[in-house]
There are 2 protein chains.
Amino acid sequence: MSTSLTDIGPHHDIVISTRVRIARNVEGYSFPHKLNDDTSFALMKDVQTAVKAFPEHQGDDYSFVRLKQLESLERQVYVEEHVISPALLANAGRSGFFYNQTKGTSIMVNEEDHIRIQNMQQGFQLEAAWNEADQVDNMLGKKLPYAFDDTFGYLTACPTNLGTGTRVSIMLHLPALTLMGHIDGFIQAAGQLGFAVRGLFGEGSEYMGNLYQVSNQITLGLEEHEIISRLEDVVVQVIQKERLARRNLFDNKKIGLEDRIFRSLGILSYARSLTWKEAMQYLSDLKLGTSLGLISTCTLEELRTLMELIQPAKLQQHCGKLMDETERDRQRAELIRCKINGGGTQHVNE
Amino acid sequence: MSTSLTDIGPHHDIVISTRVRIARNVEGYSFPHKLNDDTSFALMKDVQTAVKAFPEHQGDDYSFVRLKQLESLERQVYVEEHVISPALLANAGRSGFFYNQTKGTSIMVNEEDHIRIQNMQQGFQLEAAWNEADQVDNMLGKKLPYAFDDTFGYLTACPTNLGTGTRVSIMLHLPALTLMGHIDGFIQAAGQLGFAVRGLFGEGSEYMGNLYQVSNQITLGLEEHEIISRLEDVVVQVIQKERLARRNLFDNKKIGLEDRIFRSLGILSYARSLTWKEAMQYLSDLKLGTSLGLISTCTLEELRTLMELIQPAKLQQHCGKLMDETERDRQRAELIRCKINGGGTQHVNE
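Residues numbered from 1 in each chain as written. Chains lettered and ligands numbered in written order. Predicted model: local features only at pLDDT ≥ 70, side-chain atom pairs only at ≥ 80, totals over all residues. Heavy atoms only, no water.

At the junction of the two partners, chain B supplies 28 residues and chain A supplies 28 residues. Approximately 2,400 Å² of surface area, both sides summed, lies buried where chain B meets chain A, with 55% of it carried by carbon and sulfur atoms. Between chain B and chain A we count two salt bridges in total. Viewed at the interface, chain A and chain B are joined by eight residue pairs in polar contact (both at pLDDT 80 or more). For the side of chain B that touches chain A, the secondary-structure elements that each account for two or more residues are helix H8 (254–270), helix H9 (276–291) and helix H12 (325–340) of chain B. (Contact = heavy atoms within 4.5 Å. Buried area = accessible area lost by both parts, 1.4 Å probe. Salt bridge = Lys/Arg side-chain N within 4 Å of Asp/Glu carboxyl O. Polar contact = N/O pair within 3.5 Å; in protein donor to acceptor, adjacent residues only side chain to side chain. Helix = DSSP H or I, 4+ residues; strand = E, 2+ residues; numbered from the N terminus.)

This part covers the environment of A:Leu335. Residues and elements named next belong to chain A. Mapped onto the fold, Leu-335 is located in helix H12 (residues 325–340). In the structure, Leu-335 is positioned 118 residues away from Gln-217 in sequence and 38 Å away in space, judged by C-alpha atoms. Those residues in contact with Leu-335 that sit more than four places away from it in its chain are Leu-309, Ile-310, Leu-315 and His-318.

Counted by the stated rule, this structure contains 16 aromatic pairs over all chains. Look at A:Tyr207 and A:Tyr212: their rings are 5.0 Å apart centre to centre, the planes differ by 45°, and that puts the pair in the tilted class. Owing to a relative accessible area of 35%, A:Tyr207 belongs among the partly exposed residues under this scheme. For A:Tyr212, a relative accessible area of 4% translates into the label buried. On the numbers, 5.9 Å between centres and 85° between planes, the contact of B:Tyr146 with B:Tyr154 is edge-to-face. (Phe/Tyr/Trp six-rings, centres within 6.5 Å; stacked < 30°, edge-to-face > 60°. Buried < 20%, exposed > 50% of the residue type's maximum accessible area, 1.4 Å probe, protein only.)

Turning to the relation of the copies chain B and chain A, a few remarks are in order. Turning one copy of the chain about an axis and sliding it along that axis gives the other copy, so a rotation and a shift relate them. When chain B is brought onto chain A, the operation consists of a screw motion whose angular component is 180° and whose axial shift is 0.0 Å, with 0.0 Å RMSD remaining. On the angle and the small slide along the axis, the relation comes out as a two-fold axis. Nearest to the rotation axis, the C-alpha of B:Gly266 is located 2.0 Å from it, this being the minimum over chain B. In this assembly, 100% of the residues forming the interface of chain B have copies in chain A that are likewise at the interface, indicating an isologous arrangement. (Least-squares fit on C-alpha atoms with pLDDT ≥ 70 in both.)

A few words on the nonpolar core. Judged by nonpolar contacts, the single largest core of 198 residues is most densely connected at A:Leu140 and B:Leu140. Look past the residues within four positions of A:Leu140 in its chain and what remains in contact with it is A:Val47, A:Ala50, A:Val51, A:Phe54, A:Ile107, A:Ile115, A:Ile117 and A:Tyr146. (Core = buried A, V, L, I, M, F, W, Y, C linked by side-chain atoms within 4.5 Å.)

Let us now look at the domain arrangement of chain A. Residues and elements named next belong to chain A. Segmenting chain A into domains produces domain 1 (15–242) and domain 2 (254–340). Using C-alpha coordinates to define each centre, domain 1 is positioned 28 Å away from domain 2. Tallying the contact residues gives 17 residues for domain 1 and 19 residues for domain 2. Summed over both partners, the interface of domain 1 with domain 2 buries about 1,600 Å², with 65% contributed by carbon and sulfur atoms. One salt bridge in this structure joins Glu-81 and Lys-314, with 2.5 Å as the shortest N-O distance. Along the contact surface separating domain 1 from domain 2 lie eight residue pairs in polar contact (both at pLDDT 80 or more). Top contributing element to the side of domain 1 that touches domain 2 by residue count: helix H2 (residues 72–80), with four residues. In the side of domain 1 that touches domain 2, the residues fall into nine nonpolar, five polar and three charged. (Domains from an automatic or database assignment. Nonpolar A, V, L, I, M, F, W, Y, C, P; charged D, E, K, R; others polar.)

Residue and element names in this part refer to chain A. Spatial ordering of the open sheet is given by E2-E3-E4-E5-E1-E8-E10-E9, a layout of eight strands whose pairing is antiparallel. With one partner strand each, in any of the chains shown, strand E2 (63–66) and strand E9 (195–198) form the two edges of the open sheet. Looking at each pair of strands side by side, their axes are set apart by 20° on average, direction ignored. Along the sheet face, helix H7 (residues 224–252) touches strand E1 (15–24), strand E8 (166–173), E9 and strand E10 (211–216) and points at about 10° away from the line of E8. (Pairing = 2+ DSSP bridges. Axes fitted to C-alpha atoms, helices over the stretch in contact; angles between N-to-C directions.)

What follows covers the pattern of salt bridges. Per the counting criterion, the structure on display carries 32 salt bridges over all chains. A salt bridge links A:Glu301 to A:Arg304; the nearest nitrogen and oxygen atoms lie 3.0 Å apart. In this pair, A:Glu301 and A:Arg304 are both assigned in helix H10 (residues 300–309), three residues apart and thus about one turn of the helix distant. Among the residues examined, A:Glu301 registers a relative accessible area of 13% and is labelled buried. A relative accessible area of 12% places A:Arg304 in the buried class. B:Glu112 is the salt-bridge partner of B:Arg116, the closest N and O atoms lying 3.3 Å from each other. Here the salt bridges do not stand alone but share partners, grouping A:Glu111, A:Glu112, A:Asp113 and A:Arg116 into one network.

Residues and elements named next belong to chain B. With eight of eight residues buried, strand E8 (residues 166–173) lies mostly within the body of the structure. Residues of E8 alternate between two faces, with Thr-166, Val-168, Ile-170 and Leu-172 on one and Arg-167, Ser-169, Met-171 and His-173 on the opposite face, all of them buried. Summarising the sheet, strand E1 (residues 15–24) and E8 pair through seven bridges and their orientation is antiparallel. The partner of Val-15 across the bridge, within E8, is Leu-172. Pairing between E8 and strand E10 (residues 211–216): five bridges, direction antiparallel. Bridge pairing in E10 links His-173 to Leu-211.

A separate point is helix H11 (residues 312–319) of chain B. Residue and element names in this part refer to chain B. Where H11 is concerned, the buried positions are Pro-312, Ala-313, Lys-314, Leu-315 and Gln-316. The elements touched by buried residues of H11 are helix H2 (72–80), H9, helix H10 (300–309) and H12. Just beyond H11, the residue with positive phi is Gly-320, at close to 70°.

Residues and elements named next belong to chain A. Here H2 crosses helix H11 (residues 312–319) at 125°, and the two axes come no closer than 8 Å. Taken as axis vectors, H2 and H11 run oblique relative to one another. Relative to H11, H2 is oriented so that their crossing is left-handed. For the pair H2 and H11, contact is made by Leu-73, Gln-76, Val-77 and Glu-80 and by Pro-312, Ala-313, Lys-314, Gln-316 and Gln-317, respectively. (Parallel < 35°, antiparallel > 145°, perpendicular 65-115°, else oblique. Left-handed = near helix turned anticlockwise from the far one by under 90°.)

What follows is the structure, given as structure tokens:
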């Protein structure tokens, strides 16, 4: 399963990505927050040995990265690319990860748990993401003694992950439900069904660009296929509601909708300084306008790529230099202007 | 003194226009609010006779308009063009005006006073405006018995106009002082010196597009040349302060300033609906940007013309139809887009 730019998955106008992560711990080691430099390193070596022993040389497709060997900017880039979690970064002195870019799989070591297997797919691809993560889990489990309890299932550092240790997340773009003021209702309803709605970077992160990450809160007492199937039901319903809201806006509030979308296009085409948050909001409007056929300045895929590229660390990497916030806001505006205007600077004396 | 588009007067980047109006009343008639249909008509005929008797056939250059013979839209267009006052409109059943478009002179009959002579010049032209209005006043005064008192001077319906009956106004564009938050201080200081600061259409009208009309409050106890000379001093000072503020913004806050100006350009280039007030604000930004050499999309003169054209009545006249507010906002956005983009619709599916 490749994640190339052309493979953006089903329902890609609403579903940005699908992610499965499995939490595992290894017998004989304390939970990561209790490990010292030596024991955390020993654990990393054990995981490395297990990865190297994957059948059919599959382990060769993984690169190994120790966070303390990375510059701060590189670490942040991996977080922005959702390859690793902010929690892995928080334990940067003792953590690392194995990464198979082609398959979109990362195996984080010494995050909150010893091992966090994650697979990420573009668009709405629960089965593909689950199959890939599950397969890696099985291969690792053959070489490492997972901490397991007959009553509680897989043991985890935090009880909210006990049982299957599995969290399945879908990142959704819901501009119409947001505009119509229906998001709070959706978040409440999802909560009652056992699903949490979070921002771009999980727990505690802000909602930006009308992007919402839905994931299961319950990991205990349900089989993995039940978790996946329930999340799928919820997401299918939300997709339908978002489509209905888009159609309603288009049919009944077209002037206001067009005006909003074109103003956002105007601001992105001309602004000299853009904060991350406001750029995400305007790009969200452009995505909505594009999906409704109101504008064709960029494709949905180009807008998705632009949303990724304007993140603080990715932007600095793109520009090849460290920048403070003021300079980032300027460069962000310039990058967007360039992409949207095709490099031209209209009506401008500079 | 012509008011053609090329003759925009000195300091035209800050001073929009200069206006002198002289209030006069005619002996033998009650003040206008006490006149009935017959007596107000009789007064109009008297003024007409006096205008026709101007030396060297100057009266031939005046057209006469009775407000009750105009459609509501036409009346409002004259107000938006500052040819007549809102107060003349309020007495539309019994009022009229003589208008010399070439010289920018109007003689309103049955406004608050029997006669209001007004001359308007583009840019900063106090002397020209005064000379023209004064000359018309002298010509009228030779044929009509003005109500005059040795103690109070020219008598007027409202005591605030007693004495000279002369009000001199300058319309200023002060975007930098507004942005820097110095406008309230300016209004207070002007008040202490006996000058009132009002919006686009005088008393009670809103400040729009950072346009401020400064005029003398005192008409009694000062000679006309003193009124004019004091207003000139105040305006010269404000012009200097505005220039200084623009330079300060350019030198010290250039990123923010450019960003603001270009965003306004972006919104005006793309919006599908624009209220009058917000369009004036964005056009004000474009004027500032143009005068600082940051953009060259339109000339200052084109922006001034656009500010006039987007007023509610002028806009309906331009489009050749009556429109409700929603439709006006759409047509306003389209007109501005057309003028700014040179008629092109960029990146647009329609």
